[in-house]
Amino acid sequence: MKKILLLTSLCGLTLAGCSSSQIHMSMGNMRLISSSASPQDVMDFANTTCKNDFYQGASFLSKAGKEYRFKCVKAEENEILTPIPGTTIPASASAPAAAK
């Protein structure tokens, strides 16, 4: 668990220098991202962050000001990836997992 939090923090800090998105909280599968970037850029950032933590992608929960709340989803949980309204999730993220 500590490794995942450390990797998430490092990834967020690295990407924060290149863009205006930053992870403020990472607890379990929940992510709080503060960003002034466009909604599509935030959605892409959230998907990348969740995939780096071995999830299928990010599912949008809510937005308050410049803070976006996401839930990272695993393929075997059979949950739907929900994009930020007006944005899209790349087809590779929303494709169902291959049969085992």
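Residues numbered from 1 in each chain as written. Predicted model: local features only at pLDDT ≥ 70, side-chain atom pairs only at ≥ 80, totals over all residues. Heavy atoms only, no water.

Q: A description of unusual backbone geometry should follow, citing residues and the corresponding values.
A: Of note in this structure, Phe54 is not a glycine but carries a positive phi near 70°. As for its placement among the helices and strands, Phe54 is situated in the loop between helix H2 (39-52) and strand S3 (57-64). (Helix = DSSP H or I, 4+ residues; strand = E, 2+ residues; numbered from the N terminus.)

Q: So what's going on with H2? Residues and values would help.
A: Over its 14 residues, H2 runs 20 Å from end to end, which matches the ideal 20 Å to within 8%, given 1.5 Å per residue. For H2, every residue scored as buried is listed here: Val42, Met43, Phe45, Ala46, Asn47, Thr49 and Cys50. Just beyond H2, the residue with positive phi is Phe54, at close to 70°. (Expected span 1.5 Å × (residues − 1). Buried < 20%, exposed > 50% of the residue type's maximum accessible area, 1.4 Å probe, protein only.)

Q: So, the environment of Pro39: which residues are in play, and what are the values?
A: Tracing the backbone shows Pro39 in helix H2. A relative accessible area of 36% places Pro39 in the partly exposed class. Between the C-alpha atom of Pro39 and that of Thr88, which follows or precedes it by 49 residues, the distance is 9.7 Å. Those residues within four positions of Pro39 in sequence are excluded, and the remaining contacts are Tyr68, Ile84 and Thr87. (Contact = heavy atoms within 4.5 Å.)

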